[in-house]
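# Tertiary structure, described
This is what each chain is made of:
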There are 2 protein chains.
Amino acid sequence: MKIAIDAMGGDHAPREIVLGAIEACRELNAEVILVGDEAAIKRELGNETLVGLEIEATTEVIEMDEHPANAVKKKKNSSLVVANRLVKEGRAAGVISAGNTGAGMTASIFTLGRIAGIKRPAIASPMPTKKGVSVLLDAGANADCDPENLLQFAIMGSVYAEQVLGLANPRVGLLSIGEEETKGNMLTIEAYKLLKKAPLNFIGNIEGRDVHQGVCEVIVCDGFVGNIVLKLSEGLATTLFGQIKEALGSSFTAKLGGLMVKNSLRQIKNRMDYTEYGGAPLLGLNGISMIGHGSSNAKAIKNAVKATIRAISQDVPGKISTTLEKL
Amino acid sequence: MKIAIDAMGGDHAPREIVLGAIEACRELNAEVILVGDEAAIKRELGNETLVGLEIEATTEVIEMDEHPANAVKKKKNSSLVVANRLVKEGRAAGVISAGNTGAGMTASIFTLGRIAGIKRPAIASPMPTKKGVSVLLDAGANADCDPENLLQFAIMGSVYAEQVLGLANPRVGLLSIGEEETKGNMLTIEAYKLLKKAPLNFIGNIEGRDVHQGVCEVIVCDGFVGNIVLKLSEGLATTLFGQIKEALGSSFTAKLGGLMVKNSLRQIKNRMDYTEYGGAPLLGLNGISMIGHGSSNAKAIKNAVKATIRAISQDVPGKISTTLEKL
């Protein structure tokens with residue numbers, strides 16, 4: 001099975017993308033197709049010749065700040081659009097891009113198409129917690145949602161958590177502002193009624209304070225809330241670690257102590273590290289599309305390849321479809 | 001000016017509430033009326049006799065888990081309801097309660113009444129940031145909002161930030177999921193249009209990652225999002241500090257280093273400390289009502305008294321009303 005990777009997408013493209021692809025071939029025996037500017041890719045590859053690594057040459061690049069829908073429509077020969085097309089044509093089994101998120105979603109939705117019955121695809125973002133990892137969705141694909149969207153997010157998230165993250169019988173929590181069924185906004189109060197009847201391990205509402213406690217493996221919310229939760233978590237963790245670093249340089253004693261606790265602090269920081277999980281899949285499509293963090297490095301790309309392979313092997317789209325039919 | 005304090009509200013009531021009232025009288029020369037079970041309050045007061053400290057005896061208490069509206073309607077002689085009534089009757093100038101938040105809001109809204117033109121009162125929660133403090137509203141009073149609600153929150157938050165927190169010409173940010181005017185959900189996209197025309201220092205959309213960076217002094221969002229942001233921030237900070245504490249006990253070197261950096265870490269933790277700000281005002285009412293954190297200690301109560309006195313002296317309700325008229 002081949003994975004198409006948009007070699008031109010991301011803050012550190014093509015360098016880190018190509019390096020990640022090399023690691024994936026070496027360490028995972030993966031087969032990848034690097035899609036992008038042939039000369040640039042070859043420059044990064046240097047003397048590397050790897051079985052299982054192909055290049056698909058393209059001539060256009062969608063930039064980070066381009067309007068997603070317009071860019072996808074106009075740039076038919078961009079690395080992003082072609083990488084998605086390879087999946088549609090059966091030449092690749094899944095696609096990864098760390099470029100313009102909106103364009104990545106648009107290209108995948110229009111090229112791969114939605115699973116029958118799925119109203120809105122959603123981005124399922126892995127979230128490090130105190131106890132391991134949860135998956136939060138929607139992380140930003142749909143700013144406005146209806147209760148049925150949230151029900152479908154719960155189903156898609158459960159399948160992904162179980163099949164790809166290996167979390168058996170994942171608990172599903174609805175992110176709200178009170179534990180009782182009657183607490184929340186109009187959206188979550190209605191969604192609660194659908195969730196409790198669905199074939200899911202639904203544990204009810206969870207609150208903001210529970211998100212990082214690992215009380216459930218699947219956290220369901222609309223894309224507006226999900227995006228704020230993700231970015232807030234990233235921002236707060238960065239701020240706190242920044243303040244700690246600063247404080248540890250503030251006096252001789254603190255400096256000396258800081259050297260002694262450095263490793264312990266790094267371990268905690270690593271636990272929060274998104275590169276461990278590689279990327280966030282756009283679930284609900286007839287195929288696997290992985291959205292990478294804009295600042296993806298080689299390790300993130302390698303891990304995105306790993307997750308993509310697993311999602312394909314476990315037939316995530318097929319299992320989502322089967323669960324939908326049980327409703 | 002006298003401040004009515006619900007002596008029976010909060011996880012540590014009446015002890016910490018009474019101690020906080022004593023500190024407020026001593027350190028701020030405040031005049032307070034402790035409202036609640038007379039015997040219990042006297043027991044906590046011990047031999048204290050303070051000029052400026054009165055007791056208003058009541059016989060009922062609204063518990064933390066009671067249904068807000070029902071409890072307020074039924075328990076007319078509860079400490080919470082009576083404390084609000086003292087303001088209505090002109091015997092006190094403001095009210096503070098750290099008890100059942102929903103009941104506190106209900107009692108204040110029905111007893112004090114809304115400022116003419118204000119559609120929905122909002123809880124304005126102080127948020128510690130990298131650079132100082134911002135005020136976030138609504139922090140949970142209104143789960144579902146319309147664009148005009150958000151505009152009014154922005155006005156109320158600006159007045160409070162300027163008059164009580166002393167932040168001149170406060171910048172107002174609309175919490176959304178992209179910087180551009182066209183990014184967000186239906187609510188924020190419409191609210192943006194109203195905010196940019198209002199007599200405010202509106203800086204546009206901010207994202208989740210900006211919340212703790214201190215990019216603006218007033219953060220506007222609906223109460224569902226606001227409540228999640230607050231609880232998520234509290235939860236994540238607690239989790240991270242918990243992990244750090246654990247890591248610092250993991251080896252001899254880390255333990256020794258931990259002792260040396262203890263003070264530096266405590267300083268950071270203190271900066272995140274809600275007790276510094278005492279409580280969150282319920283803005284939009286004809287009077288000042290301060291909602292305390294359920295776990296308020298004496299220091300939080302003292303600081304809530306301080307903020308309440310300042311809000312009254314600066315005539316926050318009057319200034320909100322004047323700004324509304326400029327729209």
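Residues numbered from 1 in each chain as written. Chains lettered and ligands numbered in written order. Predicted model: local features only at pLDDT ≥ 70, side-chain atom pairs only at ≥ 80, totals over all residues. Heavy atoms only, no water.

## Some remarks on the overall build of chain A
A tally of helices and strands in chain A yields 11 helices and 12 strands. Against the globule reference of 20 Å for 327 residues, chain A gives a C-alpha radius of gyration of 20 Å, in line with a compact fold. Each principal axis of the C-alpha distribution contributes one length, and for chain A these read about 65 × 60 × 35 Å. Counting over 327 residues, chain A shows a buried share of 58%. Restricting to contacts in chain A with at least 6 residues of sequence separation, those with at least 24 account for 69%. (Helix = DSSP H or I, 4+ residues; strand = E, 2+ residues; numbered from the N terminus. Rg over C-alpha atoms; globule rule 2.2 N^0.38 Å. Buried < 20%, exposed > 50% of the residue type's maximum accessible area, 1.4 Å probe, protein only. Contact = heavy atoms within 4.5 Å.)

## Digging into the state of the cysteines
All names here are of chain B. Counted under the stated rule, the structure contains zero disulfides over all chains. You can see Cys 145 has no disulfide; the closest cysteine sulfur is in Cys 221, sitting 8.5 Å from it. Since its relative accessible area comes to 18%, Cys 145 is described here as buried. (Disulfide = S-S within 2.5 Å.)

## Remarks on the pairing of strand β9 (residues 201-206) of chain B
Regular strands have side chains that alternate between both faces of the sheet. Residue and element names in this part refer to chain B. When strand β8 (residues 171-175) meets β9, the two strands line up parallel, connected through five bridges. Within the sheet, the bridge partner assigned to Leu 174 lies in β9 and is Asn 205. Handedness of the crossover joining β8 and β9 through helix α7 (residues 186-197) is recorded here as right-handed. (Pairing = 2+ DSSP bridges. Right-handed = clockwise from strand over helix to strand, strands pointing away.)

## Brief notes about the relation of the copies chain A and chain B
The operation linking the two copies of the chain is a rotation about an axis combined with a translation along the axis. Once turned by 180° and shifted 0.0 Å along the axis, chain A lies on chain B with an RMSD of 0.0 Å. In symmetry terms, the pair is related by a two-fold rotation axis. If distances are taken from each C-alpha of chain A to the rotation axis, the shortest is found for Gly 257 of chain A, at 1.9 Å. Interface overlap between copies is the fraction of interface residues in one copy that are interface residues in the other; for chain A against chain B it reaches 100%, indicating a shared surface. (Least-squares fit on C-alpha atoms with pLDDT ≥ 70 in both.)

## Overview of the packing of aromatic side chains
Residue and element names in this part refer to chain A. According to the stated counting rule, one finds two aromatic pairs over all chains in the structure shown. Taking the centre distance of 5.1 Å and the plane angle of 75° together, the rings of Tyr 192 and Phe 202 count as edge-to-face. With a gap of 10 residues between them, Tyr 192 in helix α7 (residues 186-197) and Phe 202 in strand β9 (residues 201-206) connect regions that are remote in the sequence. Look at Tyr 192 and you get buried, because its relative accessible area is 12%. Judged by its relative accessible area of 16%, Phe 202 falls in the buried class. (Phe/Tyr/Trp six-rings, centres within 6.5 Å; stacked < 30°, edge-to-face > 60°.)

## A look at the nonpolar core
Within the largest apolar cluster, 64 residues are counted, with the highest numbers of intra-cluster contacts made by Leu 175 and Val 229 of chain A together with Leu 175 and Val 229 of chain B. Aside from chain neighbours lying at most four places away, what touches Val 229 of chain A is Met 127, Leu 136, Leu 175 and Val 211 of chain A together with Ile 228 and Leu 232 of chain B. (Core = buried A, V, L, I, M, F, W, Y, C linked by side-chain atoms within 4.5 Å.)

## Considering unusual backbone geometry
Looking along the chain, the bond that leaves Leu 137 of chain A and enters Asp 138 of chain A is cis, with omega of 10°. Within the element layout of this structure, Asp 138 of chain A appears in the loop between β7 (132-137) and α6 (147-163). Not every positive phi belongs to a glycine, and Asn 169 of chain B is a case in point at roughly 45°. One can find Asn 169 of chain B in the loop between α6 (147-163) and β8.

## Section: the environment of Ile 5 of chain B
All names here are of chain B. Within the secondary structure, Ile 5 sits in strand β1 (residues 2-6). For Ile 5, a relative accessible area of 0% corresponds to the buried category. Residue contacts for Ile 5: discarding those within four places in its chain leaves Ile 17, Ala 21, Val 32, Ile 33, Leu 34, Val 35, Ile 96, Ile 301 and Val 305.

## Points about the sheet that holds strand β6 (residues 125-129) of chain B
Pairing between sheet strands relies on hydrogen bonds along the backbone, with the strands arranged either parallel or antiparallel. Residue and element names in this part refer to chain B. As summarised here, the arrangement of the five strands in space is β6-β7-β10-β8-β9, forming an open sheet in which the pairing is mixed. Lying at the two open borders of the sheet, with one neighbouring strand each, are β6 and β9. Strand after strand, the sheet turns through a mean of 30° between neighbouring axes, direction not considered. (Axes fitted to C-alpha atoms, helices over the stretch in contact; angles between N-to-C directions.)

## Digging into the environment of Glu 180 of chain A
Inspection of the secondary structure puts Glu 180 of chain A in the loop between β8 (171-175) and α7. The spatial distance from the C-alpha of Glu 180 of chain A to the C-alpha of His 293 of chain A is 35 Å, given a sequence separation of 113 residues.

## Some words on the interface of chain A and chain B
Taken together, the contact pairs 47 residues of chain A with 47 residues of chain B. Where chain A meets chain B, there are two salt bridges. The partner of Lys 231 of chain A in a salt bridge is Glu 207 of chain B, and the shortest N-O contact between them spans 2.4 Å. Our enumeration of links across chain A and chain B arrives at six residue pairs in polar contact (both at pLDDT 80 or more). If you list the elements that add at least two residues to the side of chain A that touches chain B, you get α7, α8 (223-247) and α9 (252-271) of chain A. (Salt bridge = Lys/Arg side-chain N within 4 Å of Asp/Glu carboxyl O. Polar contact = N/O pair within 3.5 Å; in protein donor to acceptor, adjacent residues only side chain to side chain.)

## Concerning the sheet that holds β7 of chain A
Residue and element names in this part refer to chain A. Read across the sheet, five strands follow the order β6-β7-β10-β8-β9 without closing on themselves; strand pairing throughout is mixed. Each edge of the open sheet is held by one strand with a lone partner, namely β6 (125-129) and β9. Strand-to-strand, the axes of this sheet are offset by a mean angle of 30°, without reference to chain direction.

## Description of the pattern of salt bridges
Two side chains carrying opposite charge are able to pair once their charged atoms lie near each other. All names here are of chain B. Counted according to the given criterion, the structure contains 30 salt bridges over all chains. Glu 27 serves as the salt-bridge partner of Lys 302, at 3.1 Å between the closest nitrogen and oxygen. Here Lys 302, found in helix α10 (residues 298-313), pairs with Glu 27, found in helix α1 (residues 15-28); they are 275 residues apart in sequence, far enough to count as distant. Residue Lys 302 is classed as buried on the basis of its relative accessible area of 14%. By relative accessible area, which is 51% here, Glu 27 ends up exposed.

## Regarding the confidence of the model for chain A
Per-residue confidence for chain A gives a mean pLDDT of 93; residues scoring 70 or more make up 99%. For this predicted complex, the interface confidence score (ipTM) comes to 0.92, while the overall pTM stands at 0.93. (pLDDT = per-residue confidence, 0-100.)

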